[in-house]
Amino acid sequence: MSAEPRPDPADAERIERFLAGDAAVVTEIRGWTARVVRLRAWGLRRDDDLVQDILVDLLRNLGADRFEGRSSLKTYVERVAKYRCIDALRRERHRRHLPLEETWEPEAPRADHPEQRVAADQEIRRAYAVLARLPERCRALLRRLLAEDASYEELAEEYGVARGTIKSRVARCREHANALRRRMGGSP
Amino acid sequence: MNDWLDDAVRREGALMFSEHPESRILVLYADAAAELDAAERRSVDEHLRVCDACAEDLARLHAAAGELSGEEPAVAGPGLRGRLAQLLTPRLLVPALALTTVAVLLLGPGGGEDPLRPVGRAVVLRAEVERGAAPVAAPDVHGRVTLSFLLPDDGEGPMERCDVQVTDAAGRTVTRHADVPAFDAYGTFVLSLDASALPAGDYLLTARDRLGERSFAFTLERP
């Protein structure tokens, strides 16, 4: 039977000193974290708040013995930093699209098309992007109707409204989806 | 109508409504796919087939790995003075947050096996705000709240020590800590309060340093 992974002794000592607030180790781990946050790959501005947020995560995770020693401590720290950078990118992406999500009325097409990707199917990806940006109430409704083949009658019963109300809600959600798609550079 | 939508859902089914994988899953997928189980890997594979945003995130992760492997960091920091053990147990440590922010660290349930999953939830909120918009703190299972605040460099070096006083909405002193050492070289201070006997309401943390006073409002909430 193989033994459970454990941090190597040097990393175990480093963690202990980090949790105790040892100046040199805090600086070292902060350096690992800051280096990941400042990678050009993310396209993020210098963000010391993010570095601090990641240190909070590390203090909590390491203090709760979440580090199992499957990798080196440095690799673990870099992974935590990476996923927080991805979270930051996602928040940024969400902010960019927030006006769309809050706007119900169709908007005029924009000239700036998204960058072209080498993708298996642009249409599918564009449709996914539209659906991902729809308000949750629309996603849920369209999912039941289109992906789960619920009938208008079933939806009317589930939502406790008239069949006609469901039809008009679906129509509004479809209009919203068309507006989003136009704005993203596709034909309605 | 929108035939494009019907066509896409007809072709890909519920995948068109799938949620993005959590970012930590995407990191493991890029860095160490072997640490994911087969179902998780398959789920990410399928999602990437339809989601440009996650494909872009994955490309950034690969680029980041390339950058990281290309150079070693130069870690050169100023001398630090971490002496948090005087204030906190290791499980209650919180480092610095942003300039003029106060962080309220809420220790939630540990739970789960995932080593990357954040333990509990850290809420970062702005300080020096209207009382009605103050950060909200709820005591953890031990009845404590942990506050972190930053006293910025005044041009003569970072703050190394300060006196801290917490007062309630009526101005009564709830707790006082003298000569609190900073956590790091950036003027970060951390305070773990026993809030078990404190009523819910608005409080003010006032830090006094060589420049004078700086106040951080927070609201204590009870579940």
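Predicted model only: the values in this text are computed from it and were never measured.

Novice: Give me the overall build of chain B: which residues, what numbers.
Specialist: When its secondary structure is counted, chain B shows 4 helices and 9 strands. When contacts within chain B are restricted to residue pairs at least 6 apart in sequence, long-range pairs at least 24 apart make up 66% of them.

Novice: Break down the sheet that holds strand E9 (residues 212–220) of chain B for me, citing the residues and quoting the values.
Specialist: Residue and element names in this part refer to chain B. With mixed pairing, the 5 strands of this open sheet are ordered in space as E3-E9-E8-E5-E6. What marks the edges here is a single partner per strand, and that holds for strand E3 (136–137) and strand E6 (173–181). Where E3 and E9 come together, 2 bridges link them in parallel fashion. In the strand pairing of E9, Ala137 is matched with Leu220.

Novice: How would you sum up the packing of helix H6 (residues 136–147) of chain A against helix H8 (residues 163–183) of chain A? Please name residues and give values.
Specialist: Residue and element names in this part refer to chain A. Put simply, H6 and H8 touch, their axes get as near as 10 Å, and they point 110° apart. Our classification of the angle between H6 and H8 gives roughly perpendicular. For the pair formed by H6 and H8, the contact residues are Cys138, Leu141, Leu142 and Leu145 on the first element and Arg169, Val170, Cys173 and His176 on the second. When grouped by side-chain class, the residues that make up the contact of H6 with H8 number 6 nonpolar, 1 polar and 1 charged.

Novice: Explain the nonpolar core to me, using residue names and the numbers behind them.
Specialist: Counting 61 residues, the largest nonpolar core has Leu58, Val77, Ala127 and Tyr128 of chain A together with Met16 and Leu26 of chain B as the members making the most contacts within it. Top contributing element to this core by residue count: helix H4 (residues 73–102) of chain A, with 9 residues. With near-sequence residues (within four places) excluded, Tyr128 of chain A lies in contact with Met16, Val50 and Cys51 of chain B. Membership of the second largest hydrophobic core comes to 23 residues, among which are Ala195, Ala207, Phe216 and Leu220 of chain B.

Novice: I'd like a rundown of the environment of Arg30 of chain A, residues and numbers included.
Specialist: Relative to the helices and strands, Arg30 of chain A resides in helix H2 (residues 23–37). The class of Arg30 of chain A is buried, set by 26 C-beta atoms lying within 10 Å.

Novice: Kindly report on the packing of helix H7 (residues 152–159) of chain A against H8 of chain A, identifying the contributing residues and their values.
Specialist: All names here are of chain A. As a packed pair, H7 and H8 sit with axes 8 Å apart at the nearest point and diverge in direction by 100°. Comparing their axes, H8 and H7 come out roughly perpendicular. Here H7 contributes Tyr152, Glu153, Leu155, Ala156 and Tyr159 to the contact with H8, which in turn contributes Arg163, Ile166 and Lys167. In terms of residue class, the contact of H7 with H8 is made up of 5 nonpolar, no polar and 3 charged.

The rules behind these values
Residues numbered from 1 in each chain as written. Chains lettered and ligands numbered in written order. Predicted model: local features only at pLDDT ≥ 70, side-chain atom pairs only at ≥ 80, totals over all residues. Helix = DSSP H or I, 4+ residues; strand = E, 2+ residues; numbered from the N terminus. Contact = placed C-beta atoms within 7 Å. Pairing = 2+ DSSP bridges. Axes fitted to C-alpha atoms, helices over the stretch in contact; angles between N-to-C directions. Parallel < 35°, antiparallel > 145°, perpendicular 65-115°, else oblique. Nonpolar A, V, L, I, M, F, W, Y, C, P; charged D, E, K, R; others polar. Core = buried A, V, L, I, M, F, W, Y, C linked by C-beta atoms within 7 Å. Buried ≥ 20, exposed ≤ 12 C-beta atoms within 10 Å, placed from the backbone.

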